[in-house]
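Take a look at the letters that make up each chain.
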2 protein chains.
Amino acid sequence: MKTRTVPSRLYLTEKQMPEKWMNVRAVMKNKPAPMIHPGTREPLDFSGIEPVFCQEVIRQELDNDTLYVPIPSEVLRYYRMFRPSPLCRAYELEEALGTPAKIYYKFEGNNTSGSHKLNSAAPQAYYAKQQGLSGITTETGAGQWGTALSMACAHFKLDLTVFMVKVSAEQKPYRKAVMETYGATVIPSPSATTDIGKKILSDHPGTGGSLGCAISEAVEVAIKSGGAMRYTLGSVLNHVLLHQSVIGLESKAAMEALGEYPDVVIGCAGGGSNLGGIIAPFVADKLSGKNVRLLAVEPASCPSLTKGKFEYDFGDTGCITPMIKMYTLGYDFIPPPDHAGGLRYHGMSPIISKLYEDKLMDAIAVTEKEVFDAAKLFAKCETILPAPESAHAIRAAIFEAEKCKVTGEAKTILFGLSGTGYFDLAAYTKNA
Amino acid sequence: MKTRTVPSRLYLTEKQMPEKWMNVRAVMKNKPAPMIHPGTREPLDFSGIEPVFCQEVIRQELDNDTLYVPIPSEVLRYYRMFRPSPLCRAYELEEALGTPAKIYYKFEGNNTSGSHKLNSAAPQAYYAKQQGLSGITTETGAGQWGTALSMACAHFKLDLTVFMVKVSAEQKPYRKAVMETYGATVIPSPSATTDIGKKILSDHPGTGGSLGCAISEAVEVAIKSGGAMRYTLGSVLNHVLLHQSVIGLESKAAMEALGEYPDVVIGCAGGGSNLGGIIAPFVADKLSGKNVRLLAVEPASCPSLTKGKFEYDFGDTGCITPMIKMYTLGYDFIPPPDHAGGLRYHGMSPIISKLYEDKLMDAIAVTEKEVFDAAKLFAKCETILPAPESAHAIRAAIFEAEKCKVTGEAKTILFGLSGTGYFDLAAYTKNA
């Protein structure tokens, strides 16, 4: 057994917590391309987006220059109820693998949303309240984002309407129940409450819905609210990655406190919010010449980085959003059934896409079976039952640790454990 | 808003974690009565219990004298993956109540079992392994204990057979799935795998089972294993409360680090394990003359302390266990349906019973509606969705804080938040 010189779980103190987010675009030599209007193909400016998103969020979305953005004190106050999250040393996993590698993971699942999504839900709810809005709308598939936003809206006293993909609402009634406990209105989508919902219901009676349809309904309600509401999104966009940088900043600070620095930083990649968050400060280091490898892990069933094209595409299947320059499998790509619901997005964050295009980051795709084998080993070793999404990063970390076993290198591996699998047990049962 | 001088969440460092459990019986002037044989009514000694429980556990069960018991290093190693648990200051709840009181809670739900049960599961699995057993058996109702024990058995490489009350196994398939993911064999009870199960199935075809029946099956399998297995229990008994003292020891150490000491310590009371754990060091203080109030909170539907009798009774409905001197509603008491499954036990820990009999502790009973109203308010304020069991303690803490609002006293309240409600959402939906 290795000598255990660092703690199994390191929590920064409240005073050590970051008070600023990091905007990685400020250090990127090649910036991500702007969103464009699908008709004119002109870049969208503030006024073009204003009917949909909150003003402060748009400013953050369009700001490619400011490196550090202060976290509002009201958001810090909220963060302190579930942050800092622990930096964990995977001693038991290392021992099970017999690897000389040192494996660290940043665990974001220790809050009732069960994932990192609360990091962006809190500021998005706060900015909406500051703007004087009565409420916000959103969509949710697997339910983590909707849960996180319902928690944040309960705190900031804001109405929330969540369009939840109908088939998910039926399969995961408890996710719906959590959101309702926090006061959100949850509407299975497609619904008869919107024009686009009615049209879809009429064209496709009996449909189970899709994320694309739910986005369309949530945007419609916001736009037609007469300015009282705005729409919010939990991944892909630049401002979401900005908020999620708190994951990487805390990770780096905790590793520094231990005298450690990662050789490789690994994150699962769906829309890119968790990955973009954990790598943020390490991207800056890499661009300053530091030798650190960044690795995205996606499902083989939805391989946007490893099999997609880097081009302008719609963010939704309904083609009502602006066009985004990203790695994409095509807006009409329908992934085969897969239980990592949070990774089933056809595209990828423009920031992540640009970093990958510029060869600043690597990507691999892993199969569902590989993922669940890794998840079960991890659960038994490290006590935490991981979300299927997060288990993609575990799988890659194990690959890296196994390589070290062959080469004898004691590399330092850091990965993001973005959430827990308590609401994904049907998937575990299927992959038993 | 109050000035926030102490952190919202305080984690002790790994080095500050207790390395000994506290045996509260050593400081009690009047000891709890011994278990007796139902036939001879003679106190049971080591050899009388040995066929059922692990040897080290029996030594702990019978030891009324040793105040501090070292936590084995292997158990400490396991504890460090989910402990220390945070001591939380309920700033947002205080603000919502407008109370001058300071409310602290010790949160034991930040692990995959979702509760404090892992604190005793780990040593019980460890001692079984040390004794050279191949496996252990247990029963589970709501599923928290079974989940905790399956996690601990995965770590200590021990077989585990869990008899799960059939109706719970059907209502909570995901609890069963978690246990199976960790490698446990889960058998809905009554089953055809035991003699007593077969008899019950024959006498009561179609029964949904009961905790009493599941206990009987688990004990039968252990006794008939030819010494290869033993039975384990997750509450009520003295050794379980010993292991749970880690909750109170950490709480006291964290409060001392903040310069605080509680005026009142509150815990929900089912079998008494969580309550006995959080109050342990404060009982010792109280017996040394310190002015601290200890308060048990039980469901009005199963009020063993407030409405029961203090007498010898069976621990199970099947009358196969030894007799225990405790507050009890009668071994054949069947509580009305109630969603705090973990609090539906007819009796109460002998230690808690004796402290209550000797007027060292108070008790109140609260209704299901009061409990869920408190749970929902707490969830919205403090972000954590509490287990219905734990919400009994929240309800009482709110009562205390409201009294302070009337009197103007800035009392310091500490309560145990023993677990999360992620698997109890049907109950939340019912009480929406």
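Higher on the page you've got the structure.
Thresholds applied
- Residues numbered from 1 in each chain as written.
- Chains lettered and ligands numbered in written order.
- Predicted model: local features only at pLDDT ≥ 70, side-chain atom pairs only at ≥ 80, totals over all residues.
- Heavy atoms only, no water.
- Helix = DSSP H or I, 4+ residues; strand = E, 2+ residues; numbered from the N terminus.
- Rg over C-alpha atoms; globule rule 2.2 N^0.38 Å.
- Buried < 20%, exposed > 50% of the residue type's maximum accessible area, 1.4 Å probe, protein only.
- Contact = heavy atoms within 4.5 Å.
- Areas by Shrake-Rupley, 256 points an atom, 1.4 Å probe, with all protein chains shown as cover.
- Lys, Arg positive; Asp, Glu negative; His and termini not counted.
- Charge placed at Lys NZ, Arg CZ, Asp CG, Glu CD.
- 1 Å grid on protein atoms, 1.4 Å probe; cavity = no way out; pocket = protein on both sides within 12 Å on 5 of 7 lines; lining within 4 Å.
- Points joined across faces, edges and corners; volume = space filled by probe spheres on them.
- Nonpolar A, V, L, I, M, F, W, Y, C, P; charged D, E, K, R; others polar.
- Pairing = 2+ DSSP bridges.
- Least-squares fit on C-alpha atoms with pLDDT ≥ 70 in both.
- Buried area = accessible area lost by both parts, 1.4 Å probe.
- Salt bridge = Lys/Arg side-chain N within 4 Å of Asp/Glu carboxyl O.
- Polar contact = N/O pair within 3.5 Å; in protein donor to acceptor, adjacent residues only side chain to side chain.
- Axes fitted to C-alpha atoms, helices over the stretch in contact; angles between N-to-C directions.
- Parallel < 35°, antiparallel > 145°, perpendicular 65-115°, else oblique.

As a further point, take the overall build of chain A. The helix and strand tally for chain A stands at 17 helices and 15 strands. On C-alpha atoms alone, chain A measures out to a radius of gyration of 20 Å, which is about the 22 Å that the 2.2 N^0.38 rule sets for 432 residues. Seen through its principal axes, chain A has C-alpha atoms that stretch 60 × 45 × 40 Å. Evaluated residue by residue, chain A yields a buried proportion of 64% over its 432 residues. Summarising the internal contacts of chain A: among those between residues at least 6 apart in sequence, 75% fall at separations of at least 24. Of the roughly 14,700 Å² that chain A leaves accessible, carbon and sulfur atoms contribute 53%. Of the charged side chains in chain A, 45 are positive and 45 negative; the average position of the first set lies 3 Å away from that of the second.

This brings us to empty space enclosed by the protein. Within this structure, the stated rule accounts for 10 cavities of 30 Å³ or more. For the largest cavity, the calculated volume is near 220 Å³. Lining the largest cavity we find 25 residues, and of these Phe107(A), Asn110(A), Ile384(A), Asn110(B) and Asn111(B) sit closest to its centre. The residue inventory of the lining of the largest cavity, partitioned by class, reads 12 nonpolar, 11 polar and 2 charged. Approximately 100 Å³ is the volume found for the second largest cavity. Forming the boundary of the second largest cavity are 13 residues, of which Met81(A), Phe82(A), Asn110(A), Arg9(B) and Tyr11(B) lie nearest the centre.

Next up on the list: the sheet that holds strand β14 (residues 362-366) of chain B. Residues and elements named next belong to chain B. Ordered by their spatial adjacency, 7 strands build an open sheet running β1-β4-β5-β15-β10-β11-β14, and the pairing between neighbours is mixed. Strand pairing shows two members of the sheet lacking a second neighbour, β1 (9-10) and β14, which therefore form its edges. Note that strand β10 (residues 264-268) and strand β11 (residues 293-299) share 5 bridges and pair parallel. What sits directly across from Val265, in β11, is Leu294.

Residue and element names in this part refer to chain A. Judged by how many residues are buried, strand β5 (residues 102-107) sits mostly within the fold: 5 of 6 residues are covered. As paired elements, strand β4 (residues 87-89) and β5 share 3 bridges and run antiparallel to each other. Across the sheet, Leu87 pairs through a bridge with Lys106, a residue of β5. Sheet topology places β5 next to strand β15 (residues 412-417); 6 bridges connect them, and they run parallel. The residue bridging Tyr104 from the neighbouring strand is Leu414, located in β15.

All right, on to the relation of the copies chain A and chain B then. Relative to chain B, chain A is turned by 180° and slid 0.0 Å along the rotation axis, the superposed coordinates differing by an RMSD of 0.0 Å. Between the two chains, the operation in question is that of a two-fold axis. For chain A, the minimum C-alpha distance to the rotation axis belongs to Asn110(A) and amounts to 3.1 Å. The share of interface residues of chain A whose copies in chain B are also at the interface is 100%, consistent with both copies meeting through the same surface.

A cis amide bond, omega -5°, links Arg83(B) with the succeeding residue Pro84(B). In this structure, Pro190(B) follows Ser189(B) across a cis peptide bond, with omega equal to 5°. In this fold, Pro190(B) is placed in the loop between β8 (185-189) and α9 (195-203). One non-glycine residue, Lys157(A), lies in the positive phi region at around 55°.

Attention now goes to the interface of chain A and chain B. Every contact between the two is made by 39 residues of chain A and, on the other side, 39 residues of chain B. The junction of chain A with chain B conceals about 3,700 Å² of combined surface from both sides, 59% of it contributed by carbon and sulfur atoms. Across the pair Arg77(A) and Glu95(B) runs a salt bridge, and its minimum N-O distance is 3.5 Å. Our count for the contact surface shared by chain A and chain B stands at 17 residue pairs in polar contact (both at pLDDT 80 or more). Looking at the side of chain A that touches chain B, the elements with two or more residues in it are α3 (73-79), α4 (91-97), α6 (144-156), α8 (173-181), α15 (368-382) and α17 (425-430) of chain A. In terms of residue count, the dominant contributor to the side of chain A that touches chain B is α15(A) (5 residues). Broken down by class, the residue content of the side of chain A that touches chain B amounts to 20 nonpolar, 9 polar and 10 charged.

So, about the packing of helix α2 (residues 55-62) of chain A against helix α11 (residues 238-257) of chain A. Residue and element names in this part refer to chain A. Two elements in contact, α2 and α11, have axes separated by 7 Å at closest approach and are oriented at 90°. Taken together, the axis directions place α2 and α11 in an arrangement best described as roughly perpendicular. Contacts from Val57, Gln60 and Glu61 of α2 reach α11 at Asn238, His239, Leu242 and His243. Counted by class, the contact of α2 with α11 contains 2 nonpolar, 4 polar and 1 charged residues.

Moving on, we get to the pattern of salt bridges. In the structure shown here, the tally under the stated rule is 54 salt bridges over all chains. In this structure, Lys252(B) and Asp285(B) form a salt bridge, with 3.1 Å as the shortest nitrogen-oxygen distance. With Lys252(B) in helix α11 (residues 238-257) and Asp285(B) in helix α12 (residues 273-287), the pair connects residues that are 33 residues apart, well separated along the chain. There is no split in this pair, since Lys252(B) and Asp285(B) are both buried. Connected through salt bridges with shared partners, the residues Arg4(A), Glu92(A), Glu95(A) and Arg77(B) form a single ionic network.

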